Every structure is written in C-alpha cells, then in structure tokens.
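Here is how the chains run, residue by residue.
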Amino acid sequence: MKRLLVLMLSSWCGCAVAQTAQELVDNGKNSENVTTFGMGYSLNQYSPLSQINTSNVKRLVPVWSTSLSNDTGELAQPTIYNGVMYVVNGHWTFAIDVATGQQIWRTPVEYDRAAARVGAPGVIIRGGATIYEGKLFREQIDAHVVALDMKTGKEVWKQKFADFKEGYTGIIAPLVANGVLITGVAGGDRTTRGFLDGWDPHTGNKLWRRYTIPAPGEPGSETWPKDMPDAWKYGGGATWQNGAYDPELDLVYWGTGNAEPYNPEYRGGADSLYTASVIAIRPKTGELVWHYQYIPNESYDFDGSAEPVLADLRVDGQMRKVLLNANKNGFMYVIDRTNGKLIAAHPFVKVNWATHIDLNTGRPVLTDIYARAVKGETVEIWPSRGTNASLMAFNPKTGLVYVNAWEISRILKYTKVNFVLGQGSTGIETSFPFPPAGEPWGYHMAFNPLTGKTEWKVPVTNTVLSAGMLATDGGLLFTGRVNGEFIALDQATGQELWKFKTGSGINSPPITYTHNGRQYVTVLSGIGGVLNRVMKVADRVPTGGSVWTFALMPE
C-alpha cells in the first residue's frame, strides 16, 4: 500500500515539470494551462474558449470543490500547469489535481503572527501563484518572498524585503518578466515608502529596488516639499496590486497607491510623485522609462494601483498599444503604453471631486471639494472608490471593458496626524454611508473606454462588488458577488443567465481553461480582506475558503 501511494504521488508530481519563460509569454495559446495572473501578461481576463456559451450555460454544474483551510479570505486566482492547479491564500499554498480536486501537496505559510495585526485587509494574498522554471513564488504577510518547489511544495529560498513592524506587508503575487522576479509591497495607509524589488528567481538574490517615491536629488523629488524633510520617507505610493508586462516593448507596468497622509497639509499640497501613478520600468534593471500621474497631490485615498490592462485599440484610425485603467477615482483611463501619453479619460461612475481630466495636461480639473476640505469642512466625495481591487475584463473583439463598479460615497474630514512608525497615518476621519434600501450599491457594467459610453449596466443592491470579471468568446461574463453567488452574464446585454451559490462570498477573479479538451471554469470562494475587517460583511456572510470547479453537464 505504501509503495502504491508513493507511485500515485509521483504520477501527480511528475506533471509539474519545469515551466518556461516562453510559456508565460504564450499564456492562452495552450488552453490547458493558465500560467499567469489575469489570464495573461496583459491582465485582460479574456479567453477565446467558447464550449461554454450563452446557449448552454444553464447546463453548467459543479464537478468538484475542496476546502482551502482558511477563514481570512480568498482573493487570489488559481494557476494551472500540466494538470496541476496551484492555489495560494494567506496561510497555505496548495497543489491540486485539476481533474479530481484531490490535494497533491499543501505547504503552510510560516510567518510571524504579529504581522497579522498590521493593516486592514489582514492575512490575505491577491493575484495568484507565480510559477517559473519549476518553482512557485509567493509573498507572505510578514514581508517575505518565498520560492517553493512546484513538485513537492518544499521551500527552495526565502527572503525578507521589509520590516512589517514599520507598516509593510506582502499580499500580492510576484511577476516574472524577462527572467526577473518582481515583487511589490502593501502599506499605503501606514508610515511606508512604496517600492518594487527585482530578484534572481533561482537564487533569491536581490537585483534591484525601484522606490515609488524619489529621495532628495532624484528625478521627481522636486514634487515633494523641501521644508518637510521627512515627508518623502513615509509618503505612501504602495505597490499593493499586480503589474502587467509587454514582452515586445520589454516594459513592466505597475500602479502606485495613494499619497500618505491623505491630509495634504503634511505634504505641503505638493504633487508627490510617483504616488497615484502608473510607472513603466525595465524588468532587468528597474529603470524608470515613463510615468503618468493620475492625481497630483492625491488627497482622497484614490490609489492608482488598480491593475493596468494592456490592449491594442484603434484610435483615430490607427492601431495603438494602450494601457487601460479603471481607477479608484472613478475615471477610466486610456494611456499610450509606449510613452505614457494620455489618450482618453472618462468617468464610469458618479464623480464629484473633478469635472474632467484635461487631455493636454493629463491633470484632473478639480471642483470646490478640495478647497472646502482643506479649510476644515466635512465633505462628501463621489466615488468612495470606482472599483475595489477587482480585476476588470477586456474583450479585444468588442473593444469593451467589463467592470464591477461601486456606487457609494465617502464622508471625509481632514484631521491631525500623530506620527507613530508602522501605524496608520491617514490624517482623516471617514465613513461610507450605505445607499437607501432598494438603491444600487454598484453595477456590473460594460463600458467603452475610448468614447466613455456605458453599453449596459446591471444594478446590484444590498452588497458591494469585489470579484473580478472574466470574458469569454462564448458570449459570457463570469463574476461573483459578496453573498456567495457565482454568476454568468450575457456579455451583450448584462442579463443574468446562470448562477450558483457557493459557501462564502466571492472576491476573486475566475479563470477558464480546458482539461483533456473539456472546458472548465474555476473560482475561489471565501469572504475576506477589508470587506471583513472594515465593512463587516462577515457579519452577514460566513467565512471559509474553498475552490469550485464547473463544467457542462452532458446532454
């Protein structure tokens, strides 16, 4: 019996052979594998698969589900390679047999438990399991990056990249680009200075660090006040969501978070580069090639960190390489990803802090809300966030983006900051008033990023939306709701065509793939993160992480 068990494990582990850089670039060409977060380096959450489509989706049924032994939230996305599914959360790393849901191996995350008290989201992981040449890479909450052997789950190397006692945490998936492992950092509501690190994926040696806030004398430092010598040291700009990569241009794109404190008094009202921006860097060196700042002097907690989605769009009759961003500030941006020049910016939700984005300067044209706030007034800002760390989908055939948007305001008043290293230093009092009964909390929506036209939107009441979207050539959009419903919408109209109630809330992006030629859809269920700690969703929705995999029931 022992020999049989060893042979079974060997057959499973034998599937997880070394995975190459070219397979990362070619993600999607082999539908049996999902090798990168976002369904590809472009993060467009799109699949050309169409076995499951609008005419047969009602036959979609669960084929297996398994527990992830976790109550702090499932915010990641599965990775699949050669018949093995890799899943990460705050406490575990799993290898699971795609066909059966049977666990192959499970490795605990060994972290300093004091780190669990740092930050509102708690012990979570966003993104997914990053794989490359036989290794799986992940961050952990106490600001370490770890490499595991894909076959066994055994630790290969582990490196510390910051001190969690200073407010830094690790919650995102690393990105492998041109042979370099790139990691980001969370902590933008605390006394931190954002950065990206480049690592040798084989040895764990650090290759470079790119800070998102320049030190005095570096390019961009002139946008920080000279009479506040410590402002830049703790100025925010966290890199807490995931980046994209264009192999042809050899550029990595990464969004940066809010300036810190939010209260602009502590930054002299300066532009504060490179906070609330998208930066383009060379993966081999970390060299900054260009940047675009969404909001100079960002003072409302409007991170620019939402994932940059890469697309090719026809603009004025010419195909352009663009970057799309559904910004927390409520505007949808179209940026030339070769040079950082703004092409278009349109509001996709209710916005009252700015009238529009000036296409010549790239800067927002502010309303009187900012002036009133700095005078000490309590103000209501729309939106509190246009979307909340939920990856949108882009279908290159329709030219539309599909977004889970919020329709909730923020009440804000600037206050004094008592600086304590490692702790929160936002400088605001704030609240989020829920909409009246029957009024929408948000929308599933289809939006044209070039024209600003909303093609359709479906209101959602009594809950916010924090799950990612997935668009397929079957005419479907897959997404989830906080109440645990996994749903399929008609991509053309937004009509709900199918739903299934999972055991907990969904705040992760789904994937689709084939196994032995049959199409599957997989999503993680498990409410967690800031929705638990701040918005108390877990008071209404049970916790508990699990994987759900679906396929068509035979006719």
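Described in the following lines is the structure provided in the data block. Remember, predicted model here, so these are calculated numbers, not experimental data.

Quick look at the overall build of the chain now. Each helix and strand counted, the chain has 4 helices and 40 strands in total. Taking 555 residues into account, the globule formula puts the C-alpha radius of gyration at 24 Å, and the chain, at 22 Å, falls close to it. A total of 555 residues make up the chain; the buried ones form 63% of that total. At a minimum sequence separation of 6, the contacts of the chain that also span at least 24 residues come to 61%. Total accessible area on the chain stands at roughly 19,900 Å², and carbon and sulfur atoms take up 51% of it. In the chain, which carries 50 positive and 50 negative side-chain charges, the distance between the mean positions of the two groups comes to 3 Å.

Judged by pairing direction, the sheet is antiparallel, and its 4 strands sit side by side in the order S9-S10-S11-S12 without closing on themselves. Only two strands of the sheet have a single partner each, and these edge strands are strand S9 (130-132) and strand S12 (155-160). Taking each pair of neighbouring strands and ignoring which way they run, the sheet shows an average axis angle of 20°. Where S9 and strand S10 (residues 135-140) come together, 3 bridges link them in antiparallel fashion. Within the sheet, the bridge partner assigned to Thr130 lies in S10 and is Phe137.

On to the sheet that holds strand S28 (residues 393-395), then. Strands sit in the order S28-S29-S32-S33 across an open sheet of 4 strands; the sheet is antiparallel. For this open sheet the edge positions go to S28 and strand S33 (454-461), each flanked by a neighbour on one side alone. Taken over all neighbouring pairs, the strand axes of this sheet differ in orientation by 15° on average, direction set aside. In this structure, S28 lies alongside strand S29 (residues 400-406), joined through 3 bridges in antiparallel fashion. Each bridged residue has a counterpart across the sheet, and for Phe394 the counterpart in S29 is Val401.

As judged from the 5 bridges shared by strand S6 (residues 92-97) and strand S7 (residues 103-108), these two strands associate in the antiparallel manner. Each bridged residue has a counterpart across the sheet, and for Ile96 the counterpart in S7 is Gln103. In this structure, the hairpin formed by S6 and S7 is closed by a connection of 5 residues, where Gly101 is found at a positive phi of approximately 80°.

Okay, the nonpolar core next. Counting 48 residues, the largest nonpolar core has Met85, Tyr86, Leu136 and Phe478 as the members making the most contacts within it. The next biggest cluster of nonpolar side chains, apart from the first, holds 45 residues, and it includes Phe137, Ala143, Trp157 and Ala238.

Further remarks concern the pattern of salt bridges. If you walk through the whole model with that rule in mind, you get 20 salt bridges. The partner of Glu377 in a salt bridge is Arg372, with the nearest N and O atoms 3.0 Å apart. The class for Glu377 is partly exposed, based on a relative accessible area of 35%. Judged by relative accessible area, Arg372 falls into the partly exposed class, the value being 28%.

Moving on: the side chain of Asp97. Inspection of the secondary structure puts Asp97 in strand S6. Although Asp97 is buried, it makes no salt bridge; Arg518 carries the closest opposite charge, 12 Å away. Only 3.0 Å separates the side chain of Asp97 from the backbone nitrogen of Thr100, close enough to count as a polar contact.

Thresholds applied
- Residues numbered from 1 in each chain as written.
- Predicted model: local features only at pLDDT ≥ 70, side-chain atom pairs only at ≥ 80, totals over all residues.
- Heavy atoms only, no water.
- Helix = DSSP H or I, 4+ residues; strand = E, 2+ residues; numbered from the N terminus.
- Rg over C-alpha atoms; globule rule 2.2 N^0.38 Å.
- Buried < 20%, exposed > 50% of the residue type's maximum accessible area, 1.4 Å probe, protein only.
- Contact = heavy atoms within 4.5 Å.
- Areas by Shrake-Rupley, 256 points an atom, 1.4 Å probe, with all protein chains shown as cover.
- Lys, Arg positive; Asp, Glu negative; His and termini not counted.
- Charge placed at Lys NZ, Arg CZ, Asp CG, Glu CD.
- Pairing = 2+ DSSP bridges.
- Axes fitted to C-alpha atoms, helices over the stretch in contact; angles between N-to-C directions.
- Core = buried A, V, L, I, M, F, W, Y, C linked by side-chain atoms within 4.5 Å.
- Salt bridge = Lys/Arg side-chain N within 4 Å of Asp/Glu carboxyl O.
- Polar contact = N/O pair within 3.5 Å; in protein donor to acceptor, adjacent residues only side chain to side chain.

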